[in-house]
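# A closer look at the structure
Listed below, chain by chain, are the residues.
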Amino acid sequence: RERAAHAPRFDLPTGRFLRGTSTMPTPLEVHSVFGVVPGQAEYSNAHTVVTIAGNALRFYDTKDKTSRFLWGAGSGISCFAVSTAERLIAYGTKGLHPTVHVHELASMERVITLEDPAQAGVSALAFSRDGKFLAVASAVPDLVLSLRMARTGQVIVETAVESQAVAISFNPFNAYEVLVSHAAGAPSGAAGATLHVVDKVYETYSVETKALNVRAVGVAPASITAAAWSPENTIYLGTDAGAVLLVRPETGEVIAPPTAVSKAAVAGLTTPDMAGEDEDLALPVGWAAAWILTTAGGAVRSVAFTKQHVLLAGNDGALRFYTHASTALPPSAAAHLRRVVGLHDGDFEEVVSISFNSVFNEAVVTTAECGVYVVSFRDDIHSPGVPVVEDSGSAAAAGEAGKQVLADTGGASEAQSVSSAEEEDPVAVVKVGDFHAGAVTGVAPLADGNSVATCGVDGTLRGWDLTTGQCAWKCTLSSEQAAMTSGSVAAGSGIIAVASATGVVRIFDAGAGAAAPPHLTLRVRLTADVPDTIAMNPSGTFLAVAGRQGDCWLVEIASAEAARVVGYVSLPARALAMTWASDNQLLVSGHGGEVAAITPPPPGYTPQHGLAIGAKDAKVQSVMVDCALTTIAAAASGKIAAIAANRSVRTYTLPTEASGWSGRDGQMLEPDTVAPDGLGKAVGVIVAAGGRLATASSDGSIMVWAGAGGTEGAQYTRVAHDSNEGGAAAFVVVPGRRFATAGLDGAVVISSSPGFPELVVAPRLLAGAATKGATPPAAEFDDFDDLDEPTVMEKASAAMLAKKQGAAAANASDEAAAVAAAQLDPAVAAAREEMVTKVADLRKRLEEAIAQNDATDGMEKIPREELLVDKAFRTRLVAEGDTHVAEVRRQLVVEDLRNDYAGSKIKEECWDSMTVHGSAIVAFKVQGLVVHNYPLKTKDVAAKMAARVAFLRRVEMAEEEYLAQPENGGAEDIFDLHIDLPKDSEEGAEGEDAAPTENEQVEAAAVAAAAAATTAAKPKEDSFEAVLYSSFKLHPPRRKMSQLLLLQMVTREIKASFNAEFLGMTGTKTTFMDKLGEFNQRITEIRGELMAHTADVAPLFEPKLADVETDGAVLRVDVSEIRAEVYVSPQEEARVAAEVEAEAGRLRSKGADDPSERALKEMMGGMLESDKGSTEMDELPKPDWMLGVPKDDWTEEHHKLAKEWEAASRAFKEEVDKRRKALDAELKKLREDVDETTKKFDDHLGDFFDRRNAADGRLAEIESWVVACAQEAETALDDDERRQVAMAEDLETLNAAKVGSGTAVRDFRQNLDVVRDRFDNTVAEDRQMDKHFRRDFADTEDFFDQVYAMYKRRKNPPRVVESESSAGAGAGAGRKARPSMRGGMGAMGGMRRLSQATARASNAGSSGKRGSFSAANSVSTMAARVQRASISSRSVFGCEDESVDDDAAVKLLALIAKNDPFDGAAGGPITGTSLIPTPPPVEALDADFDRPEGLDATWWDRLGEYRERK
């Protein structure tokens, strides 16, 4: 509410937006609102129907056919309620801050506003019968039912409901019993209706929710679809199966019907055509407990009562009149169907609500299809004079005839037709409203100047007569209509066009206006789905339709009878809005901020290639604006008005030169004027003469702007549509300085504004409308839309493909025929042959020159790029290329500078500002095992503040420790002020000496265990955690804020502590990597020594640091990360080569190895070793003599040497094998060590990962404390502030009341003294009168006791009225009727007659279920009703004539008493105090009934005089 109060509002004197509330008048006059929200309609008097229309309550007088409106104070109206007793109306608003407003019905003045009835919305309202109480039901999520005083808004009691309420009804006999109907589709198991009973004990209210136990009879609570109070003080429940149950409100139990009633209800389901059949009848659920079973078989949607009948309505569009199902009737008296009244006139309309007027002789019915019907009837529906016919169960038959009744035979089967001419029908149905069902998407003025056409998602096209406010004609189409446009009536165009959600565009001739439906000119499907926008030029000769593919279709309208699709133009961007600046210029605003101007081709134009209109035939120019325009409108002198995407109202002057239309790469078009922001999403803008603007937006508002282009702000504003439903959808100007807005809430609003320029209809159009209206054309058109129907483009493509395929063979034969025809002319053939020869010779010479140049070697060869035919062309291309390259380089330099700057700022704010950068440790072999550290920012102002708070906290703890010592007073906590503690904490401290209970012992043990654990993990004394407050000592808000800062620093400490461990773990990984490197080096050496003598060829596990483990890796860019080709300039190449050569020279000077050899070694993965296997011998080499001397020539010495060599060779082999085995074993051991080392590190890292998770858990816990502290601190501060404000207001109010109460007390004491004196005098006078009466009437002798009793009597006994036929035979047959008392005619006489009627009704119904309070309330309230009768008669009948006298008031009350089924019900609450008997009003004596036989007339007159004084 605070935000809403300070929202921007327009100020009328200055024409500017202001902050805060505004009391600005809204002189936007509303003439008509066409629309209704189905489900709620009530009467405000005998013939005025109230419905919701847009953001207003519409009061429609069914007698005078006039309307008046009460505009909602919010963004929409959710529900309303009417009290005819107190003459009040209440409605709930929609929006972020829903409210309830109560107004006087007569003056429409606001009585009170309930500011806090609900959190998200008000779903239902209801007044009690006496109008004293108002029930308010809130919507999801709070779901609260509150009972309030109607005029003050004081909350009496509140209770929760289990699902959202859609209707509320008070018990007419007891306002403390409230019946709530709930929305269909409620949560599983939720009841469709609930009963809430209020109880009052010693000024304390409570609410009991009584379950209506329908499960006991097999009916699910969720299947209840209707609920109502009956005149017998029972509850009628209708089910979705068509059954009607009776429930006793005292217990909530279903009343079982007598057997005869059940049989009659089941028998009523059997239709005449089923007679004699043996098939089993499918009975609805709960049929055994049903008092009524409707023949429709569908759900009962509404229940209402007359004096003699109960009305049931369902989804078949019919009303059924049944006799009352009363528990007071004999068991054989079942509820019989008396009449079926059909509402629908060919269309199916489901009835959703019924409501009676204050006289109960007329009802208003609303349907789901937004139809409003008035049903008037007499109570003699079942009179013998009316022909009867049995209901066949067919709703269609009821709708066709509408004149059927049933004889009271209980089972008659003979059907008879009824003719309305035989006798006046007691039931009359009049359709007083036929509105769009759902959103209205388009509106356009019609040719007669006093009507508009609309289209909507219900698929209808309607014409509205603005004079009568009624729907003049309706055309039903087959799909949702998404948009409407028309030509200008000022230009003489009577053409309208509509576009459907399926992409079908229809063009109509609506030249007859409201007199006749339009005539279809063209139907075509231009797009596959709903178009973005449509627009028609002023003269009505061109229609533009923008599709979602970025194309704009043009349709030429040659006349009212002929139209054709011309083709399409490609737009620079998808269209947002379109308007015609003139007949020859179409303006289109695009999503990217483009404004395109399209000049259509001339009339009769046909595209040369398919359907695409050539650029030369339809000129398209565009210019950019700084903000996309969602709505545009053309003005005079090349100007446009628009509403931008930022919700500002702007005006532009369009370029007059071609250079001004520079497209996307040109200069922006600057606005001439920019009005303040503050609109919702705009849907329409109107530009009139003098630059006057009017706008409509999705927030439901209509605004008329002051100043040229709206620069002076909104002059007038009116929230006309429900913004929660989407607000306005279309906006046009209508002749008579009027506007027409179509709303997504289903309403069409006709308004006007003083001073807005007039739109004059062309005279020829008016004349044509009169002519066409006199002879209206037949409304014949195709209303079928097929989703599979091909579009115009698809049809053209298919036709072109068929044409190409069919003409392929013909094309070949045509070409041969052309050549043969050319050969017949020798001159042509010779010229053609000569040209072909020259071209071939030139091509051959050029190819030979190129080949000869390519074969040349040395300096004679011409570079290929210089071998050109056109050197000037090459030079121009090179120059253009150089220019383009220079521009690209410049753009790249600028882009690089921009990126470098952005990168440096990001690095400065996100990297350099961190004391600890983000890093991680990755496991060697365990996939996904990564442990991250905690990045930490440099300590900021908050950290410094926390350090100061910690210092003060340590001082506080030192003081607590010092003062807690016994020698210093032993205070437990000197800073825990008792005023900050909850009351229960102080109370709990008083009973410390009491013995602990079992629960307290368990809690004490848990606290002790927690204390022990805390002691074991006691934080360091210099840490922030050591200075935290206990969770039980955070009562003042100041401690919560201090704890908040300390907790934030504790999280930093935890992160810093873990980061220290993380650094140690990083060193551990480095140690393990070094160890693995040593293992790998040794493995490489062994494998090099063994070479081919080992089977170990597996690759080595070489651990490397990942990028995430390297500090600053995120800031480095590797060459491999660059996807684009890297450009290296020659200078860069030379520099890199010089650096490489310098490095190589440096290494050579130090004696290092050859860089090329080192590179090769690195490339081979360290396996490039010298071939030691080639130098080591597998066997001992033979001596030279063995190689040079043949074995046959060996001497004995040679053989001896040979034996020695063989022995040495065997020993050498054994040594080699032994070494190889040792190396192989060592290799295996190294492999195992590598695996063991990696596993060991991964295990360490897994443990470290667990510590990281523990730290995360601790941080999450502390973060939850931080959030809780922040929320509690904010709440506490807000509560303190609000409490301070409230206490200041209360103090001011009490001071003012104190001043006034002193005066009131003095006045009261004075009045009390006066009243006491009057009372004493009156008592004395009464005693004196009684004494005089006894003295003066002592001579009456035998009549004295009777006369004395009549003298003191206030209430007359029940009368027995004789019928006229037997009047003469009675004892008083010859007695002349006289005035019963002097001056007793008029109101008092009427009071007496009503009292007599009430007494008879009381005696007759004393055994009913209304309770003993019914008759008493009827009599006790009769005097007050008569006193208000003169006012009520005018209000009930809608008459403000002051000449209405008391006799008319009495007649009114007599009529209500006759028709009102709840007559006698006071409507107030029934409590213990209200049952205390009060003196009844004094009733006049009647000589015909009260005068004793034989009493002289003189004594009788004197008795009247004494009674008057008494």
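Each chain carries its own residue numbering, running from 1 in the direction its sequence is written. Only residues with pLDDT of at least 70 get local features here, since the model is predicted, and only at 80 or more are side-chain atom pairs given and counted; chain-wide, interface and lining totals rely on the full set of residues. Side-chain descriptors were evaluated using all non-hydrogen atoms of the structure, hydrogens and water having been removed beforehand.

### Some details on the overall build of the protein
Secondary structure elements follow DSSP: runs of H or I of four or more residues count as helices, runs of E of two or more count as strands, with numbering from the N terminus. A tally of regular secondary structure across the protein gives 24 helices and 63 strands. Exposed residues in this analysis have more than 50% of their type's maximum accessible area, buried residues have under 20%, and partly exposed residues fall in between, with area computed by a 1.4 Å probe over protein chains only. A buried classification covers 42% of the 1510 residues belonging to the protein. In the protein, of all internal contacts separated by at least 6 residues, the share reaching a separation of at least 24 is 57%. Of the accessible surface of the protein, which amounts to about 80400 Å², a share of 54% is contributed by carbon and sulfur atoms. Whether two residues are in contact is decided by their heavy atoms, any of which lying within 4.5 Å being enough. Here the accessible surface of atoms and residues is derived via Shrake-Rupley with a 1.4 Å probe, and residues count as covered only by protein chains that are part of the display.

### Looking at the confidence of the model for the protein
On a scale of 0 to 100, pLDDT captures the predictor's confidence in every residue. The pLDDT averaged across the protein works out to 78; a share of 76% of its residues lies at or above 70. Counted against residues more than four places away or in other chains, residues 382-422, with its pLDDT under 50, gives 62 contacts. Between residues 1163-1175, whose pLDDT stays under 50, and residues either more than four places distant or in other chains, the model counts seven contacts.

### Some thoughts on the packing of helix 12 (residues 1037-1090) against helix 17 (residues 1196-1336)
For every element, the axis is a line fit to its C-alpha atoms; helices are fit only across the contacting stretch, and the angle between N-to-C directions ranges from 0 to 180 degrees. Close contact between helix 12 and helix 17 brings their axes to 9 Å; oriented N to C, the two are set at 170 degrees. The angle between helix 12 and helix 17 places the two elements in the roughly antiparallel class. Between 65 and 115 degrees an angle is taken as roughly perpendicular, under 35 as roughly parallel, over 145 as roughly antiparallel, and anywhere else as oblique.

### Things to note about the side chain of T460
Relative to the elements of secondary structure, T460 occurs in strand 35 (residues 460-465). On the accessibility criterion, T460 (5% relative accessible area) is buried. The term polar contact refers here to a pair of N or O atoms within 3.5 Å; inside protein, the definition further demands a hydrogen-donor-capable atom paired with an acceptor-capable atom, and it admits residues adjacent in sequence only when both atoms are side-chain atoms. A polar atom in the side chain of T460 sits 2.9 Å from the side chain of D458. Here R462 takes part through its side chain, which lies 3.1 Å from a polar atom of the side chain of T460.

### Looking at the packing of aromatic side chains
Geometry of aromatic contacts follows a simple scheme: Phe, Tyr and Trp rings, the Trp one being its six-membered ring, pair when their centres are within 6.5 Å, and the pair is stacked under 30 degrees between planes, edge-to-face over 60, tilted otherwise. By the definition in use, this model includes 29 aromatic pairs. Centroid distance F34 to W464: 4.7 Å. Interplanar angle 5 degrees. Geometry classified as stacked. Taken together, the positions of F34 in strand 3 (residues 29-34) and W464 in strand 35 put the pair 430 residues apart, joining distant regions of the chain. The same class applies to F34 as to W464, namely buried. Ring centres of Y934 and F1058 lie 5.4 Å apart, and the angle between their planes is 70 degrees; this geometry places the pair in the edge-to-face category. Residue Y934 is found in the loop between strand 62 (930-932) and strand 63 (936-937), and its partner F1058 is found in helix 12; the two are separated by 124 residues along the sequence. Taking the relative accessible area as the measure of exposure, F1058 reaches 3% and is therefore buried. Grouping aromatic residues by their ring pairs yields a cluster made of F1333, F1337, F1344, Y1348, Y1351, W1499 and Y1506. We call a charge positioned over a ring when the NZ of a Lys or the CZ of an Arg lies within 6 Å of the ring centre and within 35 degrees of the ring normal. Lying over the aromatic face of Y1029, R953 brings its terminal NZ or CZ to 4.0 Å of the ring centre.

### Concerning the sheet that holds strand 4 (residues 41-43)
In short, DSSP must find at least two bridges between two strands for them to pair. The antiparallel open sheet is built from four strands, whose spatial order is 4-5-6-7. A single partner strand is all that each edge strand has here, and the edge strands are strand 4 and strand 7 (66-71). Ignoring which end each strand starts from, the neighbouring axes of this sheet average 25 degrees apart. As paired elements, strand 6 (residues 56-61) and strand 7 share six bridges and run antiparallel to each other. Its bridge partner being in strand 7, L57 is matched across the sheet by L70.

### Let's talk about the nonpolar core
Counting residues in hydrophobic clusters, the biggest one holds 43 residues, and the most contacted among them are F1024, L1046, F1241, L1245 and F1248. Mapped onto this core, the elements with two or more residues apiece are helix 9 (941-963), helix 12 and helix 17. Judged by nonpolar contacts, the second largest core, of 28 residues, contains V30, A56, A728 and F739. Throughout this description, the term nonpolar core refers to a set of buried Ala, Val, Leu, Ile, Met, Phe, Trp, Tyr and Cys residues connected via side-chain atoms within 4.5 Å.

### Quick notes on the pairing of strand 30 (residues 371-377)
Of all the seven residues making up strand 30, six are buried; the element is thus mostly covered by neighbouring parts of the structure. Across five bridges, the pairing between strand 29 (residues 362-367) and strand 30 is antiparallel. Bridged to V365 within strand 30 is Y373. The sheet contact formed by strand 30 and strand 32 (residues 427-434) spans seven bridges and is antiparallel. When the sheet's bridge partners are listed, G371 is paired in strand 32 with D434.

### A few points about the packing of helix 18 (residues 1344-1352) against helix 24 (residues 1497-1509)
Between helix 18 and helix 24, whose axes approach to 9 Å, the crossing angle comes to 30 degrees. The orientation of helix 18 relative to helix 24 falls into the category roughly parallel. Between helix 18 and helix 24 lies a crossing whose hand is right-handed. Seen from helix 18, the contacting residues are V1347, M1350 and Y1351; seen from helix 24, they are W1500, L1503, Y1506 and R1507. Asp, Glu, Lys and Arg are counted as charged, while Ala, Val, Leu, Ile, Met, Phe, Trp, Tyr, Cys and Pro are counted as nonpolar; the rest, among them Gly, fall into the polar class. Residues that form the contact of helix 18 with helix 24 fall into these classes: six nonpolar, no polar and one charged. When the near helix sits turned anticlockwise from the far one by under a right angle, the crossing is termed left-handed; a clockwise turn instead gives a right-handed crossing.

### Some details on a nonpolar patch on the surface
A contiguous nonpolar patch, built from V1117, V1119, I1122, V1126 and V1128 and spanning about 440 Å² of accessible area, is present on the exposed surface. Within the secondary structure, V1117 sits in the loop between helix 12 and helix 13 (1130-1149). Classification of V1117 as exposed rests on a relative accessible area of 62%. Patch membership requires more than 30% relative accessible area and the absence of a salt bridge. Residues of like charge join within 9 Å; the nonpolar side chains Val, Leu, Ile, Met, Phe, Trp and Tyr join within 5 Å. Salt bridge, as used here: a side-chain nitrogen of Lys or Arg that lies within 4 Å of a carboxyl oxygen of Asp or Glu.

### What to know about the side chain of N174
Residue placement: N174 occurs in strand 17 (residues 174-182). By relative accessible area, N174 is classed as buried at 11%. Once residues within four sequence positions are removed from consideration, N174 is found in contact with G1468, P1469 and I1470.

### A look at the sheet that holds strand 58 (residues 738-743)
Read across the open sheet, the four strands follow the order 3-59-58-57; overall the sheet is antiparallel. Two strands in the sheet have a free side with no partner beyond their single neighbour: strand 3 and strand 57 (728-734). Shown here is a sheet whose adjacent strand axes are inclined to one another by a mean of 20 degrees, direction ignored.

### A closer look at unusual backbone geometry
When glycine is set aside, most residues are seen to have a negative phi, and most peptide bonds are trans. Along the chain, V140 connects to P141 via a cis peptide bond; the corresponding omega equals 15 degrees. Tracing the chain through its elements places P141 in the loop between strand 13 (133-138) and strand 14 (144-149). Backbone geometry at N233 places phi at a positive 65 degrees, although glycine is not the residue there. Mapped onto the fold, N233 is located in the loop between strand 20 (224-229) and strand 21 (235-239). Here N233 falls in the buried class, since its relative accessible area comes to 6%.

### A few points about the environment of M668
Inspection of the secondary structure puts M668 in the loop between strand 51 (649-653) and strand 52 (673-674). According to the relative accessible area criterion, M668 is partly exposed, its value standing at 40%. For the pair M668 and D626, spaced 42 residues apart in sequence, the C-alpha separation works out to 6.7 Å. Contacts of M668, omitting those with residues within four sequence positions, involve M624, V625 and D626.

### A word on the environment of G74
Along the chain, G74 turns up in the loop between strand 7 and strand 8 (77-83). Ignoring any residue separated from it by four or fewer positions in sequence, one finds G74 in contact with N55, T93 and V719.

### Some points on the pattern of salt bridges
A complete count under the given rule lists 47 salt bridges for this structure. The closest approach of N and O atoms between E86 and R151, which form a salt bridge, is 3.2 Å. One end of the pair, E86, is in the loop between strand 8 and strand 9 (88-93); the other, R151, is in the loop between strand 14 and strand 15 (155-160), with 65 residues separating them in the sequence. With a relative accessible area of 34%, R151 lands in the partly exposed category. Here E1261 ties to R1258 by a salt bridge, and the two come within 3.4 Å at their closest N and O atoms. Of this pair, E1261 and R1258 both sit in helix 17, separated by three residues, roughly a single helical turn. One connected set of salt bridges, linked through shared partners, spans K431, D434, D458, R462 and K474.

### Quick look at the pairing of strand 39 (residues 504-509)
Among the six residues in strand 39, six count as buried, and that is most of the element. Examined bridge by bridge, strand 38 (residues 495-500) and strand 39 share five bridges and lie antiparallel to one another. In the strand pairing of strand 39, I495 is matched with D509. From the end of strand 38 to the start of strand 39, which pair antiparallel, there are three residues, and G503 there has a positive phi angle of about 90 degrees.

### Things to note about the environment of E29
Position of E29 relative to the elements: it lies in strand 3. E29 sits 725 residues away from P754 along the chain, and the two C-alpha atoms are 8.5 Å apart.

### Overview of helix 12
Given a helix with a known number of residues, its expected span is that number minus one, times 1.5 Å. Taking 1.5 Å per residue, 54 residues should reach 80 Å; helix 12 reaches 79 Å between its end C-alpha atoms and fits that length. Following helix 12 by one or two positions, M1091 adopts a phi angle in the positive range, close to 55 degrees.

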